[in-house]
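Each chain is listed here by its residues.
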Amino acid sequence: MSGKPPIRVVAACGLGTGTALYLKMTVEEILKKAGVPAVVETADATLAPTITADIIVTGPDLAEMFRQRARAREIVAITNYGNKAEIQEKLLAAVRRLEG
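Residues numbered from 1 in each chain as written. Predicted model: local features only at pLDDT ≥ 70, side-chain atom pairs only at ≥ 80, totals over all residues. Heavy atoms only, no water.

## Quick look at the layout of surface pockets
Of the volumes computed, that of the largest pocket is approximately 150 Å³. Around the largest pocket sit eleven residues that line it, and Lys4, Pro5, Ile7, Leu98 and Glu99 are the ones nearest its centre. Considered class by class, the residues forming the lining of the largest pocket number seven nonpolar, no polar and four charged. (1 Å grid on protein atoms, 1.4 Å probe; cavity = no way out; pocket = protein on both sides within 12 Å on 5 of 7 lines; lining within 4 Å. Points joined across faces, edges and corners; volume = space filled by probe spheres on them. Nonpolar A, V, L, I, M, F, W, Y, C, P; charged D, E, K, R; others polar.)

Here's what the structure looks like:
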């Protein structure tokens, strides 16, 4: 996947700190292993929907709100933040949809 511009991913939670930081680190690790160039940042629930991004990764509660007003192309809802397999499966599926 080299040569492509990096995708922009926002890891979001209510305050944009603890959970968002954990998701950011996990997303970066998964995308790096998959060879997907990405810029990953954190945001709180107020800022995240205003950011033009390819993917927002968040919890199910915020995902519903973001689907209605976010500027991201894909919203990935994670139900168990400690389950890297869930994050990987949902994140890489979103990347595949972006790639067409």
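Picking up where we left off.
## A short note on the pairing of strand E1 (residues 7-13)
Of all seven residues that make up E1, six are buried, and the element is covered over most of its length. Judged from the seven bridges that link them, E1 and strand E2 (residues 38-44) form a sheet pairing that is parallel. The partner of Arg8 across the bridge, within E2, is Val39. Handedness of the crossover is the feature at issue here: the chain leaves E1, passes through helix H1 (residues 18-34), returns alongside E2, and the resulting connection is right-handed. In this sheet, strand E3 (residues 55-58) lies alongside E1 in parallel orientation, the contact comprising three bridges. (Buried < 20%, exposed > 50% of the residue type's maximum accessible area, 1.4 Å probe, protein only. Helix = DSSP H or I, 4+ residues; strand = E, 2+ residues; numbered from the N terminus. Pairing = 2+ DSSP bridges. Right-handed = clockwise from strand over helix to strand, strands pointing away.)

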